[in-house]
Structure formats: C-alpha cells, structure tokens
Amino acid sequence: MKYADLHVHTFYSDSTFSPEEVIMCAKDKALSAVAICDHDSVDGIDPCTELGLKMGVEVVPSIEMTAETGEAEIHLLGYFIDYHAVWLRDKLREIQVARIERVHKMVEKLTSLGIKLEAEDVFKIAGKGTVGRLHVAQAIIKTGKIKNFRDIFGKYLGFLKPAYVSYVKFSPKEAIETILKAGGVPVLAHPGVMKKDELIKELITYGLRGIEVYHTDHREEARMRYEEIARANSLLMTGGSDCHGLGKGRILLGSVRVPYELVEKLKLESEKIKAGR
Ligand code: AMP
Ligand code: FE
Ligand code: FE
Ligand code: ZN
C-alpha cells in the first residue's frame, strides 16, 4: 500500500524542518508522497520537489491560506496549485509583508499585557519563513513566562483573544477563488479546529472540493462527523499530520496519512479546474 501525508509545513513558514528534513523524514516513514502546504508561501515547493525526485518521494505543490469571517478563522488548503504563477507570488509577497507588520502589532499588545517581547526575537525564530503566531508563541515560551502553546493561544494569540491581530481580510470566498484561479483544489483544513460546521455548505457554493477529515487534532468523533459531511456532499476526504517539524514539540510527519489514491484524485480534480479556467 502507498500512503501520503497531505499536510506538511517547512521552515518557509512555521515548521522547524528544512526541505531535507521533510523529505528524509517522509522517506523514513515510507511515505510515497507529501503535500507541502506552507502558510502563504510556495518557496518550499521547488527544493522539496528536487530532493523528493532523488529520494523517491513525490511532492504535491500546495498551500495553506487563511480566511476570516467576523466569527471564525478558516484555513484552506490548495492542492496542485500552479505555484510559479507570477500573480500568485506577488499576492503572497504582499501577505508576507502584512504578516511582518502584524508581528509588530502583536508584540505591542503582548507587551501591554505584561509579556515583554521584541519583534526581533520573533523574526529571529522565523528565519526565512513567513512569520506567524507559532513563532510569536515560541518567543513567548523563551521568556519563560508561559510554558505551553495551549495556554498561549487560549489566553493571548487565539482568534479574537487579546493579542490576536488579523493580517488578511480574505473572505472564505476570496480565498477559495484565489486557490481556484491558481488551478488548485480547495480543501477545508482541520474543520474540527475551526468548529463552524454550519459554514461548510456556504464554502461548497464557492467551489470547495474537499474536507481534511483526517488530522492530528481530530479525534474519532470528528473523523466520523466529517466523513459523513464529505460523503453527503460528494467532497474528497483528505488527511494529513500538519507537521511543523519540532515547532510543536513532537514530529508528526506520517502520523496521519491517507492512501496514495487521494493524490491521484486531487491531481485529476486540479486538471479539471485548470481546464475550466
Ligand atoms: P498564523 O498563520 O500566523 O495565523 O498562525 C497560525 C498557526 O498558529 C497555525 O497553523 C498553528 O501552527 C498555530 N496555532 C494556531 N492555534 C494554535 C493552538 N491552539 N496551538 C498551537 N498552535 C496553534
Ligand atoms: Fe502552522
Ligand atoms: Fe491550519
Ligand atoms: Zn497547517
């Protein structure tokens, strides 16, 4: 049986893993394919693809984008995106700049809440990747004031919490349209984390093609619920570990995987989307 982990980050966003580490780890876990899904970046795709070719690990060019409604933060995966498209790269660069400004704002808020940080500490941790909340959380842990991610996100950085700052004003419709325009297959990431199932119907009207049913943060009950929703709406059922290297403490790569067949289905769907553009 061949397997794929369809949700993996690199240090081009908020994982600690280099392309080498991602591919070696995938090889070690006997995966046939990995989808590189960095937040608002496609910079990891070429280096991973090159190494993957040598090591016999297929790389699915992908992205994870964020959208917001007034009451929810929604992550959308885009599989088999046309990641060389100049307009897409320009748009991502804009978002990356907005993310830098956002760190300054988050640091200000945190400081006023009694957690003293320097933006520079966060940028150092992020290195060359798109900077995000996981980097801010890692910088907070370094101060020794709070020890775990759950408390940091629960008290400060989670959606609409006191130090939360949004950086995109993408609506779910705009995010899905962006992925479709790039020839990618839009899939709702970890809906069990989002906890807004009532939005799924609306997302389908914008062109959503799949749900990430299998995910590190989904327990049995969530898996069953999303399998049911996917089946009822003829959506693809994808899955992945959402591995951030050591970014969340434990290496998750390969701990959630789906049959390789999903890669073929996503590819076929992306070809249809590209043909219809
Ligand atoms: P950003 O893209 O900067 O908005 O940050 C989103 C990222 O923050 C997610 O992909 C996770 O890596 C991390 N994150 C969000 N919520 C949590 C949480 N409750 N615990 C740990 N990490 C989280
Ligand atoms: Fe992340
Ligand atoms: Fe996510
Ligand atoms: Zn992710």
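Position numbers for residues start from 1 in each chain and track the written sequence from start to end. Just so you know, chain letters begin at A and ligand numbers begin at 1, following the order they were written in. Per-residue local features of the predicted model are confined to residues with pLDDT of at least 70, and side-chain atom pairs are confined, for both listing and counting, to 80 or more; whole-chain, interface and lining totals are unaffected and use all residues. Just so you know, side-chain values use all the structure's heavy atoms and leave hydrogens and water out.

Colleague: Mind laying out the coordination of the iron ion (ligand 2), listing which residues take part and the relevant values?
Modeller: Coordinating donors are taken to be N, O and S atoms lying within 2.8 Å of the metal, or within 3.2 Å when the metal is Na, K or Ca; because water is excluded from the atom set, some sites may appear incomplete. Coordination of the iron ion (ligand 2) by the protein involves Asp14 (OD), Asp14 (OD), His39 (NE2) and His244 (NE2), with metal-donor separations of 2.1 to 2.8 Å. Classification of the site at the iron ion (ligand 2) as irregular follows from its 6 donor atoms and the range of 50 to 158° in their angles at the metal. Look at where the donors of the iron ion (ligand 2) fall in the sequence and you get D-x24-H-x204-H. A spacing of 5.5 Å is found between the iron ion (ligand 2) and the iron ion (ligand 3). Of this pair, Asp14 sits in the loop between strand E1 (3-8) and helix H1 (19-28) while His244 sits in the loop between strand E7 (236-240) and strand E8 (258-259), placing them 230 residues apart in sequence. Each member of the pair, Asp14 together with His244, is buried. All geometry calls rest on donor angles, where a four-donor set with angles between 85 and 135 degrees is tetrahedral, four- and six-donor sets with opposite donors more than 155 degrees apart and all others between 65 and 115 are square planar and octahedral, and all else is irregular. Helix numbering and strand numbering both begin at the N terminus, where a helix is a DSSP run of H or I of at least 4 residues and a strand a DSSP run of E of at least 2. Throughout this description, buried means an accessible area under 20% of the type-specific maximum (1.4 Å probe, protein chains only), exposed means over 50%, and partly exposed covers the range between.

Colleague: So, the coordination of the iron ion (ligand 3): which residues are in play, and what are the values?
Modeller: Donor atoms from the polypeptide that coordinate the iron ion (ligand 3) comprise Glu64 (OE), His75 (ND1) and His190 (NE2), at 2.0 to 2.2 Å from the metal. Ordering the donors of the iron ion (ligand 3) by residue number gives the pattern E-x10-H-x114-H.

Colleague: Give me the lowdown on the nonpolar core, citing residues and values where you can.
Modeller: Core analysis: the largest hydrophobic core is formed by 69 residues, its most contacted members being Leu6, Val34, Leu76, Tyr79 and Leu253. The leading source of residues in this core is strand E3 (residues 58-68), at 5 residues. Sequence-distant contacts of Leu6, defined by excluding residues within four places in its chain, comprise Ala35, Cys37, Tyr79, Thr238, Gly239, Gly240, Val258, Leu262, Val263 and Leu266. By convention a nonpolar core is built from buried Ala, Val, Leu, Ile, Met, Phe, Trp, Tyr and Cys residues, the set being connected through side-chain atoms within 4.5 Å. Ala119, Phe123, Ile140 and Ile146 belong to the second largest nonpolar core, which has 21 residues in total. Note on contacts: a residue pair qualifies if any of its non-hydrogen atoms lie within 4.5 Å across the two residues.

Colleague: Provide a residue-level description of the packing of aromatic side chains, including the pertinent values.
Modeller: Side-chain rings of Phe, Tyr and Trp, where Trp is taken by its six-membered ring, are said to pair if the distance between their centres is within 6.5 Å; with planes under 30 degrees apart they count as stacked, over 60 as edge-to-face, and otherwise as tilted. Applying the stated rule across the entire model yields 2 aromatic pairs. Taking 5.3 Å as the distance between ring centres and 75° as the angle between the ring planes, the aromatic pair formed by Phe11 and Tyr12 counts as edge-to-face. On the basis of an interplanar angle of 75° and a centroid distance of 5.2 Å, the ring pair of Phe159 and Tyr164 is categorised as edge-to-face. Tyr164 gets classed as buried once you look at its relative accessible area, which sits at 7%. For a lysine, the NZ atom is tested; for an arginine, the CZ atom; a charge sits over a ring if that atom is within 6 Å of the ring centre and within 35 degrees of the ring normal. Note that Lys2 overlies the ring of Tyr260, its terminal NZ or CZ placed 4.1 Å from the centroid. Looking at Lys181, its charged tip hangs above the ring of Trp87, at a distance of 4.0 Å from the centre.

Colleague: Explain the site of ligand 1 to me, using residue names and the numbers behind them.
Modeller: Lining the immediate environment of ligand 1, one finds Asp14, His39, Arg99, Arg102, Gly132, Arg133, Leu134, Phe149, Phe153, His244 and Lys248. Here a polar contact is taken to be a pair of N or O atoms separated by no more than 3.5 Å, where protein atoms must pair a possible hydrogen donor with a possible acceptor and residues adjacent in sequence count only if both atoms sit in side chains. Arg99 places a side-chain nitrogen or oxygen 2.8 Å from an oxygen atom of ligand 1. With residues, only the protein chains shown are counted as cover, and all accessible areas are computed by Shrake-Rupley using a 1.4 Å probe. Protein contacts shield 80% of the accessible area of ligand 1, which totals 500 Å² for the unbound molecule. Throughout, the ten residues Ala, Val, Leu, Ile, Met, Phe, Trp, Tyr, Cys and Pro are labelled nonpolar, Asp, Glu, Lys and Arg are labelled charged, and all others, Gly among them, are labelled polar. The residue inventory of the shell around ligand 1, partitioned by class, reads 3 nonpolar, 3 polar and 5 charged. Just so you know, the domain bounds were taken from an automatic or database domain assignment. Both domain 1 (3-83 + 172-276) and domain 2 (92-157) contribute no fewer than three residues apiece to the shell around ligand 1. Any residue with a heavy atom lying within 4 Å of a molecule or strand is counted as near it.

Colleague: Please provide a residue-by-residue account of the pairing of E7, values included.
Modeller: Among the 5 residues of E7, 4 are classified as buried, and the element is accordingly described as predominantly covered. Here strand E6 (residues 210-215) runs beside E7; their pairing, made up of 5 bridges, is parallel. When the bridges of E7 are listed, Gly210 appears paired with Leu236. At this point the chain moves from E6, through helix H10 (residues 220-232), to the parallel E7, and the crossover so formed is right-handed. Pairing between two strands requires that DSSP report at least two bridges joining them. Here, the term right-handed applies to a crossover whose path from the first strand over the helix to the second runs clockwise when the strands point away from the viewer.

Colleague: Break down the domain arrangement of the chain for me, citing the residues and quoting the values.
Modeller: Under the domain assignment used here, the chain contains domain 1 (3-83 + 172-276) and domain 2 (92-157). On a C-alpha basis, the centres of domain 1 and domain 2 stand 24 Å from each other. Contact residues are listed per partner, giving 14 residues for domain 1 and 13 residues for domain 2. Two parts lose some accessible area (1.4 Å probe) when they are put together, and adding that loss for both gives the buried area. A combined buried area of about 1100 Å² lies between domain 1 and domain 2, and 54% of that area is made up of carbon and sulfur atoms. Its largest share of buried area at the contact with domain 2, domain 1 owes to Tyr12, Asp14 and Asp40, together 40% of the area lost on that side. A carboxyl oxygen of Asp or Glu within 4 Å of a side-chain nitrogen of Lys or Arg is what we treat as a salt bridge. If you look at where domain 1 meets domain 2, you find 2 salt bridges. Residue Asp40 is joined to Arg99 by a salt bridge in which the shortest nitrogen-to-oxygen separation is 2.9 Å. Along the contact surface separating domain 1 from domain 2 lie 8 residue pairs in polar contact (both at pLDDT 80 or more). Tallied by class, the residues present in the side of domain 1 that touches domain 2 amount to 5 nonpolar, 5 polar and 4 charged.

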